[in-house]
Amino acid sequence: MSGATKKGAGAEGRGTPGGAAAAVRGAGATTVAAAAATLRQPTLDTLGLGGVLGIFRRGALPVDRDALVERVFGPKADRGSLVISGASGIVGAGKTMQLGSRLEPFGVRVVALDFPGAPDGIGRQWPGLAQAFGREGAARIMGNVVRLTYDGRRLPEELKALKPRFLLEAIPEVLEVKRAHYKLFRETFPGIEIRSVTSGFPSKELGVGIAHPAFPHEINKVWEVVEAGPSAATQLLWALGLIPIPVSDDWSFVLDVLFCGVTLAGLRVHRATNLPFWKADKLIRRLLGPNPFRAHDAIGAKGADFLTWSCLHHLSARYGELFTPTPELIERKDTGQPWYPPDHFRPLVDWSLTPAEHEEFRVRVMGPVFQMTSLMLHERRAHLSHLNAIGELCAQFRRGVLAVMRELGPKAVRETVEAYHRLHPAAAASAWHPDALERMDAPEWQQLYVNAEHDGEVGVVTLSRESWSWDVDREMNRALDWLLAAGIRRVIVSGDFHLSTQMVGADTADFFGALEKLEAGLAITNGWSRTARRLWSDFEVSVGFVGGKRCMGGMLETLMHCHFLVAVDDARLGWPEVTLPVVPGMEGCHWPFRRAPRDAWPRLLHLLLSGVPVHATEAVGWLVDSAAPMSDALKAAWGLATGAHGPPKRGLESGALAAVPADVAGLAPADGPGIEAGRAAIALCVAQSCAVPVADALALQARLAAEFLNSKACRDGRVGAEYARTTAV
């Protein structure tokens, strides 16, 4: 790992990449700029972009897209192209579409390069592209893609006229072939910027930087990035709305250690117990979230199995038995046989495990996953929030592995790994670092999802998770406590401008317990609502900021508790709970009515009963206080937070509300009994919680929302179906 990359990892607040100000620890906080204290290093700072507080203070994003496009691809009069080699493969075709759609407005041609006769992966992208951009927009994007073929030894002459400035290499995972590929491009186009999408080879082996994208490649925005320091290319990815995450220069980075690791754990369960792959998938889904064997088949078994084998093969050569591939994986990477044969007997021969068998399964899966994570912690592979988020955003974990380990505590994690070693003794001497678990009380461990910064006057709380959960709730309370202890009474609550590009609502996986036990639902509807109320009661001024494309459900309920709500003008806001169906349980059924003018009440009720969102610009004055383009919205939020300027605060009616409407005109017919039941329950909650003083409304709405979570109508809906699919094993 290079020194610069170590700094970029930032796992212990050691510093920031690219020459940014050093992080100085003190009293549980770090300092990343002269006048800004932060609870832990902002993840945005690992890209060389500073903290979120600085964005609001400047009233502008830290970099400009046009300027970055010019730095990477040249000025408009001499604009170069992006070359994607191996563009017909799964990764190359997906990234051709993802990057092509974003670069087309800037006049950057995309060159899709591959061998003659390669499968038409790009053509298969057309339906998804047309659905996302319309046929006219999709045709424009496709028309900006130049498809060329070559023989692997000589580049086509036509390429010179397209002035390649950047090469994204997505050819097969053969080290010598990749190195020869780079040599060919460098000899033909000296100075070209090169990144590899490799799943496992470190930069020091390849001789180029890494930009490893997560699957599915057309829509997943996450890229694991390895480079000496934050580059214009990586900052451009961020400016284009993607999510680059700096990781250290170690074999297989973070995503494939986690995903290949959980796949290997399932394979070893199969070898030890003869558990079928489909059954292992179901149990892993219940335990962690992903279906690793189904995922391999969905990606394409032969190619995916080879990549997994390759990662594990190289990891085992470096770290030992913990990563050694099993014979089943070796066989399938050679044959391409899928893990789920079409005629398997899953529907006919299912059975339940005993409690002892469940515990053994847990140990066989979580033991190696915890051990592999200890290795990544020991090596400081990434900022801890990044390491945790990669599991959720890319490997499909319901909760990041660090959040799971934090809840268990270091003692229980060590005991799980030690129990695994008793079942698989060969792993005991391979990459086990229990000392890496000793700092779970540090801010970097405790604030995986929520950070806070302040300049002595104004604080900023940032959410790096798109859905509200118990983890987020607890971290939010710690962040608010930290600001209040520092004497901060003015606060902005926002996404983090990095990992969280939108706010989608509550994490419905946290509702699973409430489907069975009323007490679990009451804990959510009471506890989360009390956290949200702190934004109204604990600060002199609080400003909610919506900087992404949407803010829904529980996230909107949280931000509406701020004294002011500011949104970018193209954001969409609403409560989709009725479509699940659930009842908004963080005071959405009465709090917005208490703050809106009476003539807006029918619009609020329509939002709740229809589930159809509204554009921020249409909600000014009754749901949001300001909606504007990004720079103006940032300035508006900062002006409100500092008291410099802004509209007057909308008040809060603390008494009972009279004449709240019970229904609204223009509501589309309910699409099934679930939505009909949801509408009735929401209308009842609105009527009853608005009819009492605000001091009594929290407990009342919490009870009504929790009772509906515990009802048959909810269990028969989407939340109940997902619960059954996850837990019925």
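Anyway, here's the lowdown on the structure attached to this text. (Residues numbered from 1 in each chain as written. Predicted model: local features only at pLDDT ≥ 70, side-chain atom pairs only at ≥ 80, totals over all residues. Heavy atoms only, no water.)

## Looking at the layout of surface pockets
We count it as follows: A 1.4 Å probe that fits into a set of points on a 1 Å grid over the protein atoms alone but cannot get out defines a cavity; an open set with protein on both sides within 12 Å along at least five of seven lines defines a pocket, and lining residues are those with an atom within 4 Å of a point. Grid points are joined across faces, edges and corners, and a volume is the space filled by probe spheres set on the points. By definition, any uninterrupted DSSP run of H or I lasting at least four residues is a helix, any uninterrupted run of E lasting at least two residues is a strand, and each is numbered from the N terminus. Classes in brief: Ala, Val, Leu, Ile, Met, Phe, Trp, Tyr, Cys and Pro nonpolar; Asp, Glu, Lys and Arg charged; the others, Gly included, polar. An automatic or database domain assignment supplies the residue ranges for each domain.
The space that makes up the second largest pocket amounts to roughly 840 Å³. Around the second largest pocket, the lining is made up of 29 residues, and of these R286, L287, R398, R399 and E407 lie nearest the centre. When contributions to the lining of the second largest pocket are tallied by element, the ones reaching two or more residues are helix 11 (277-287), helix 15 (355-378), helix 17 (401-408), helix 20 (470-485), helix 21 (512-516), helix 22 (518-537) and helix 30 (718-727). The residue inventory of the lining of the second largest pocket, partitioned by class, reads 15 nonpolar, four polar and ten charged. Here the lining of the second largest pocket spans two domains, since at least three of its residues come from each of domain 2 (254-341 + 353-443) and domain 3 (449-727).

## Examining the side chain of S626
Selection rule: We call two residues in contact when some of their heavy atoms are within 4.5 Å.
Within the element layout of this structure, S626 appears in strand 21 (residues 626-628). Apart from residues lying up to four places away in sequence, S626 is in contact with L565, V566, A567, V620 and A636.

## Description of the pattern of salt bridges
This is how it is decided: A pairing counts as a salt bridge when a side-chain nitrogen of Lys or Arg comes within 4 Å of a carboxyl oxygen of Asp or Glu. Relative accessibility under 20% of the residue-type maximum defines a buried residue, over 50% an exposed one, and the middle range a partly exposed one, all with a 1.4 Å probe and only protein chains included.
Under the definition given, this model contains 34 salt bridges. The closest approach of N and O atoms between R362 and E359, which form a salt bridge, is 3.1 Å. Placement of both R362 and E359 in helix 15 is noted, with a separation of three residues, approximately one turn of the helix. Under the relative-accessibility criterion, R362 is labelled partly exposed at 23%. Across the pair E438 and R414 runs a salt bridge, and its minimum N-O distance is 2.9 Å. Note that E438 is positioned in the loop between helix 18 (410-423) and helix 19 (443-446) and R414 in helix 18, a separation of 24 residues in sequence.

## Section: the side chain of R650
Applied cut-off: Polar contacts here mean pairs of N or O atoms no more than 3.5 Å apart (in protein, one a potential hydrogen donor and the other a potential acceptor; neighbouring residues in sequence count only if both atoms are side-chain atoms).
Tracing the sequence through the fold places R650 in the loop between helix 26 (630-642) and helix 27 (673-690). The buried category is assigned to R650, whose relative accessible area is 13%. Engagement of the side chain of R650 in a polar contact is seen with the backbone oxygen of L623, the distance being 3.3 Å. Filtering out sequence-adjacent residues up to four positions away, R650 remains in contact with W536, R595, A596, G621, W622, L623, V624 and D625.

## What to know about empty space enclosed by the protein
Summed over the entire model, instances satisfying the criterion amount to four cavities of 30 Å³ or more. Of the voids in this model, the largest cavity is the one considered here, and its volume is about 170 Å³. In terms of lining, the largest cavity is formed by 17 residues, of which the most central are L82, L99, F166, A233 and L237. Counting residues per element, the ones that place at least two in the lining of the largest cavity are helix 3 (65-73), helix 4 (90-103), strand 6 (164-169), strand 8 (209-213), strand 9 (222-226) and helix 9 (232-239).

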